[in-house]
Amino acid sequence: SVWGRTHTFGGGPFFDQVESNGEDLLAAPITLSGQVNGVPIEWKSATWELLQSTELLARYHGKVESKDGTLVLDIVAAVEFDGMAYFQARLQPSRTPMIDDLKLVIPFKKEQAKLFMRSGVEGYSWNDFSTWRLSGNIPDKPLPSKFSNWFWVGTQSRGLEWFAEHHLGWTPANPGEVITVVPG
């Protein structure tokens, strides 16, 4: 627990719950979903180990294997004193799989996902602001976005922000739908 926020690890590959100022933000655990060789990815229960705990941060190691044994997700997570959490995840195949689809899914409670805000930086250059909304109310239909190095979803009182250091290594099938907010 840090600064009015509690992060809960459980059986999933990421947080099972994030509580902010006494309210749960997630409708279900954050997960990595997709399909490998045409089959939906199902994960076994993750194991978590506390590696380090100081006044400034807690560092964890997590590992989870797909039920069919084709993938292992190895994770190092650091939660800092101000609530910022950094995940470094490595997806390791046990054999050569065909990854058909892969998504990081952050399922917000509907009442906790009213607003969004995103970076106007695409890679390291400015994109065309006239075609991409940078902030506002979450619409009733899916809101697709090009790559953004940070994307925030929440309310006027709380929320979560996803961020990435850079876009290198990303090869999305549809560059216009790298991040999509799907109202629930």
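Everything below is about the structure printed above this text.
Residues numbered from 1 in each chain as written. Predicted model: local features only at pLDDT ≥ 70, side-chain atom pairs only at ≥ 80, totals over all residues. Heavy atoms only, no water.

### Observations concerning the pairing of strand S17 (residues 159-163)
Next, step 1: With 5 bridges connecting them, strand S16 (residues 150-154) and S17 associate as antiparallel partners. Paired with Trp-150 across the strands is Phe-163, a residue of S17.
Next, step 2: In sequence, S16 turns back onto S17 through a hairpin of 4 residues. (Pairing = 2+ DSSP bridges. Helix = DSSP H or I, 4+ residues; strand = E, 2+ residues; numbered from the N terminus.)

### What about the packing of aromatic side chains?
Next, step 1: As enumerated under the stated definition, the model contains 9 aromatic pairs in all.
Next, step 2: Ring geometry for Phe-9 and Tyr-60: centres 4.6 Å apart, planes at 45°, overall tilted. With Phe-9 in strand S1 (residues 5-9) and Tyr-60 in strand S7 (residues 57-65), this residue pair connects regions lying 51 residues apart in the sequence.
Next, step 3: One aromatic cluster is present, built from ring pairs that chain together Phe-9, Phe-14, Phe-15, Trp-48, Tyr-60 and Phe-87. (Phe/Tyr/Trp six-rings, centres within 6.5 Å; stacked < 30°, edge-to-face > 60°.)

### Here's the deal with the nonpolar core
Next, step 1: If you look at the biggest cluster of nonpolar residues, it comprises 28 residues, and the most contacted ones within it are Trp-43, Leu-73 and Val-153.
Next, step 2: At the level of secondary structure, the elements contributing two or more residues to this core comprise strand S2 (15-20), strand S4 (31-36), strand S8 (71-80), S16 and strand S18 (179-181).
Next, step 3: Examining the composition of this core, we find that 5 residues originate from one element, S8, more than from any other.
Next, step 4: Once you skip the residues sitting within four places of it in the chain, Leu-73 turns out to touch Pro-13, Phe-14, Leu-32, Trp-43, Gly-62, Lys-63, Val-64, Ala-89, Arg-90 and Leu-91. (Core = buried A, V, L, I, M, F, W, Y, C linked by side-chain atoms within 4.5 Å. Buried < 20%, exposed > 50% of the residue type's maximum accessible area, 1.4 Å probe, protein only. Contact = heavy atoms within 4.5 Å.)

### What to know about the pattern of salt bridges
Next, step 1: Under the defined criterion, the tally for this structure stands at 4 salt bridges.
Next, step 2: Note that Asp-101 and Lys-103 form a salt bridge whose closest N and O atoms lie 3.6 Å from each other.
Next, step 3: Look at Asp-101 and you get partly exposed, because its relative accessible area is 30%.
Next, step 4: Judged by relative accessible area, Lys-103 falls into the partly exposed class, the value being 44%. (Salt bridge = Lys/Arg side-chain N within 4 Å of Asp/Glu carboxyl O.)

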